[in-house]
Protein chains: 2
Amino acid sequence: MIQKVTLVGAGNLATQLGKALYKSGIDILQVYSRTKSSAELLAKQLGSQATNELHELNMQADLYIFALKDDALERILKQIDVRGKFIVHTAGSLPMRILQPYSDSYGVFYPLQTFSKQRDVAFEQIPMCLEAARPELLAELKKLAERLSGKVEEISSAQRQSLHLAAVFTNNFVNHFYHLSHQIVKKYGVDFELLKPLITETAAKVMEIDPFDAQTGPAKRFDEAIIQKHLNFLSDQPELQEIYSFVSKSIFEAHKSK
Amino acid sequence: MIQKVTLVGAGNLATQLGKALYKSGIDILQVYSRTKSSAELLAKQLGSQATNELHELNMQADLYIFALKDDALERILKQIDVRGKFIVHTAGSLPMRILQPYSDSYGVFYPLQTFSKQRDVAFEQIPMCLEAARPELLAELKKLAERLSGKVEEISSAQRQSLHLAAVFTNNFVNHFYHLSHQIVKKYGVDFELLKPLITETAAKVMEIDPFDAQTGPAKRFDEAIIQKHLNFLSDQPELQEIYSFVSKSIFEAHKSK
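Since this is a predicted model, take the numbers as computed values, not measurements.

(A) Summary view of the interface of chain A and chain B. Every contact between the two is made by 86 residues of chain A and, on the other side, 86 residues of chain B. Here chain A packs against chain B, burying approximately 8500 Å² in sum over the two surfaces, 68% of which is carbon and sulfur. Interface area lost by chain A to chain B is led by R119, F169 and L194 of chain A, which between them contribute 8%. Counting across the interface, chain A meets chain B through 4 salt bridges. Close ionic contact of R119 of chain B with E208 of chain A constitutes a salt bridge, the shortest N to O distance being 3.1 Å. Counting every contact that joins chain A to chain B gives 36 residue pairs in polar contact (both at pLDDT 80 or more). Here the element with the most residues in the side of chain A that touches chain B is helix 5 (residues 157–186) of chain A; it accounts for 26 residues.

Structure follows, in structure tokens:
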């Protein structure tokens, strides 16, 4: 059973995952970060030790969690010896097999959510997407994940990559549209607050209704008069005009044949 | 004081606004719709009369609410005589002055939200965006709006148009990205359910954090490796590739100088 963890990384995901594991009773032996102060800040919250020296890495853990930026993962793995250790990464966009050269026991422990260091999120709701090299390793990861969340799923590397890409649409792109909305109304002295009930309702609606069926608006019904009015309204912001046309076209194409 | 209302329209907005007014104690004298069955369906819920004949329109109201598609509004106004009557429209995209030829007493009563006939929303949270031809009319509309919502705002036609356009980004475009996410994961046999906590958290986050500051992801930091991986993943869906590149570029442009 996994009881002791060494956590490599101290970013947004490492911070929130570390805190959730700690709260569930897991012993975080050590937090590594290239930046000493980051490692210390997180270690303090996890009743753990901090290091920024890879040769000091605590090798007594049952599981080594690598919660790192994609390009840092292999760079760090090449500098340490984890043969025989159970290692996992937490990346949506990296296949599991990337770990194979470094140990026989490897897997993926991917919590599908957006994380900030400052903002705690309820892990019970977060889908824990797991993958492992062998069934007994998967069983171990499942037990660990079930301490954190009610939604534990076995997800292949290809499926995980589709989720990671979908998350870019659902989070990054959606959030950017919130930002663009903010810019649009700010210019007219309108408070972004006024848009918040709409943001909340738009998200709440697709909890119950398929987003395809929930779609409304001028693009879906190809209301050229309103579309043209919106484009005119954006005449001094050609980049916004372009995005508007582009996404409207995509909505229309998706709906025209249905 | 406005106590009696004639409601022209029986669509999504008319349905939800009518129900909220009725619940607040307003007397809905009549519901008009071109489609008799729609008028009857809504009138029944509002303890009201239904008609699909413009010459039968009940002219005893204190306020005439035109909750119609943009292109239907003037077509209908041309067929009736509302001189001396207090008329309002509920459209985000139409200026108030469009009503001026038809009566001296006119205004706008625009609830900023997405509505469906089936899904009731809490009006208390909905920004009621008001505009009127004269201060005393505005005061009347304010009193009426305050029966429904705690957020009553005086909003000019230009501001309202900016809100309507921002709402297209915040609702239509965001919802379309939920749909595209759904399509992306469906192809790999992954349940859209897994993305729902992320959708909820993404919306919840901007209640507290400015969306610009909340932005994360590969586009913001111009992580070419991940961006290229995502584009490769979409190689058989060129339309999605194009949207991905386009919105990523917009995110990068917004953040690169900050």
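Next comes the rest of the write-up.
(B) The relation of the copies chain A and chain B, seen in detail. Least-squares fitting of chain A to chain B yields an RMSD of 0.0 Å, with the superposition described by an axial translation of 0.0 Å and a rotation of 180°. Taken together, the rotation angle and the small translation identify this as a two-fold axis. Relative to the rotation axis, the closest C-alpha in chain A is found at V174 of chain A, a distance of 2.7 Å. A share of 100% of the interface residues of chain A reappears at the interface of chain B, consistent with the copies meeting face to face through the same patch.

(C) Structural detail: the sheet that holds strand 8 (residues 152–154) of chain A. Residue and element names in this part refer to chain A. A sheet is described by the order of its strands in space; here 8 strands give the open sequence 3-2-1-4-5-6-7-8, paired in mixed fashion. Each of the sheet's edge strands pairs with one partner strand only, and the pair in question is strand 3 (49–51) and strand 8. When strand polarity is set aside, the average angle formed by the axes of neighbouring strands in this sheet is 25°. Across 3 bridges, the pairing between strand 2 (residues 27–32) and strand 3 is parallel. Its bridge partner lying in strand 3, Y32 is registered against T51. Contacts from helix 3 (residues 70–77) reach strand 1 (4–8), strand 2, strand 4 (63–66) and strand 5 (86–89) within the one sheet, and its direction differs from that of strand 4 by about 135°. The strands touched by helix 4 (residues 135–148) are strand 4, strand 5, strand 6 (105–111), strand 7 (128–132) and strand 8; relative to strand 7, the strand with the most contacts, the crossing angle is about 165°.

(D) The pattern of salt bridges, seen in detail. By the definition in use, this model includes 24 salt bridges over all chains. With a closest N to O distance of 3.6 Å, K36 of chain A and E40 of chain A form a salt bridge. Here E40 of chain A and K36 of chain A lie together in helix 2 (residues 36–45), a separation of 4 residues that amounts to about one turn. Each of R119 of chain A together with E201 and E208 of chain B takes part in salt bridges that share partners, so that together they form one network.

(E) Molecular detail of the packing of helix 5 of chain A against helix 6 (residues 196–208) of chain B. Where helix 5 of chain A meets helix 6 of chain B, the closest approach of the two axes is 10 Å, and the angle between their N-to-C directions is 25°. As far as their axial angle goes, helix 6 of chain B and helix 5 of chain A are roughly parallel. Like other packed secondary-structure pairs, helix 5 of chain A and helix 6 of chain B cross with a definite hand, here right-handed. Across from A167, T170, N171, V174, N175 and Y178 of chain A in helix 5 of chain A, the residues of helix 6 of chain B making contact are L198, I199, T202, A203 and V206 of chain B. Residue composition of the contact of helix 5 of chain A with helix 6 of chain B, by class: 7 nonpolar, 4 polar and no charged.

(F) Examining the domain arrangement of chain A more closely. All names here are of chain A. For chain A, the assigned domains read domain 1 (4–155) and domain 2 (160–256). Counting residues at the interface gives 14 residues for domain 1, matched by 6 residues for domain 2. Both sides of the domain 1 and domain 2 interface together cover about 730 Å² of buried area, and 59% of this is carbon and sulfur. Inspection of the region where domain 1 meets domain 2 yields 1 salt bridge. As a salt-bridge pair, R160 and E131 come within 2.7 Å of each other at their nearest N and O atoms. Inspection of the domain 1/domain 2 interface yields 3 residue pairs in polar contact (both at pLDDT 80 or more). Sorting the residues of the side of domain 1 that touches domain 2 by element identifies strand 6 and strand 7 as the ones contributing at least two each.

(G) Seen up close, the UniProt feature "domain: Pyrroline-5-carboxylate reductase catalytic N-terminal" (unreviewed entry) in chain A. If you check UniProt for "domain: Pyrroline-5-carboxylate reductase catalytic N-terminal" (unreviewed entry), the listed places come out as residues 4–90 of chain A in our numbering. Annotated as residues 4–90 of chain A, this span is 34% helix and 25% strand, and its ends, taken at the C-alpha atoms, are 17 Å apart.

Cut-off values and rules
Per chain, the residues get numbers from 1 upward, laid out in the order the sequence is written. For naming, the first written chain is A and the first written ligand is 1, with later ones following in the order written. Whole-chain, interface and lining totals are the exception, using all residues; otherwise, since this is a predicted model, local features are given only for residues with pLDDT of at least 70 and side-chain atom pairs are given and counted only at 80 or more. Here the side-chain values reflect all heavy atoms present in the structure, with hydrogen atoms and water set aside. Residue contacts are defined here by distance: any two heavy atoms, one from each residue, within 4.5 Å place the two residues in contact. Simply put, the buried area is the total loss of 1.4 Å probe accessible area from both parts when two parts are fitted together. Here, a salt bridge means any side-chain nitrogen of Lys or Arg that lies within 4 Å of a carboxyl oxygen of Asp or Glu. Between N or O atoms, a polar contact is any pair within 3.5 Å; within protein, one atom must be a potential hydrogen donor and the other a potential acceptor, and residues adjacent in sequence are included only when both atoms are from side chains. Helix and strand labels come from DSSP, where a helix needs a run of H or I of at least four residues and a strand needs a run of E of at least two; each type is numbered from the N terminus. In superposing the copies, a least-squares fit is computed on C-alpha atoms, taking residues whose pLDDT is at least 70 in both. Paired strands, as defined in this entry, are two strands with at least two bridges between them according to DSSP. Helix axes use the C-alpha atoms of the stretch in contact, all axes being lines fitted to C-alpha atoms, and the angles between their N-to-C directions lie in the range 0 to 180 degrees. An angle below 35 degrees is read as roughly parallel, one above 145 as roughly antiparallel, one from 65 to 115 as roughly perpendicular, and any other as oblique. Crossings are classed by handedness, with left-handed meaning an anticlockwise turn of the near helix from the far one by less than a right angle and right-handed meaning a clockwise turn. Residue type decides the class: Asp, Glu, Lys and Arg count as charged, Ala, Val, Leu, Ile, Met, Phe, Trp, Tyr, Cys and Pro as nonpolar, and the leftover types, Gly among them, as polar. Note that the domain bounds were set by an automatic or database domain assignment. UniProt positions are given in the numbering used here, feature names are shortened, and annotations may be inferred rather than shown by experiment.

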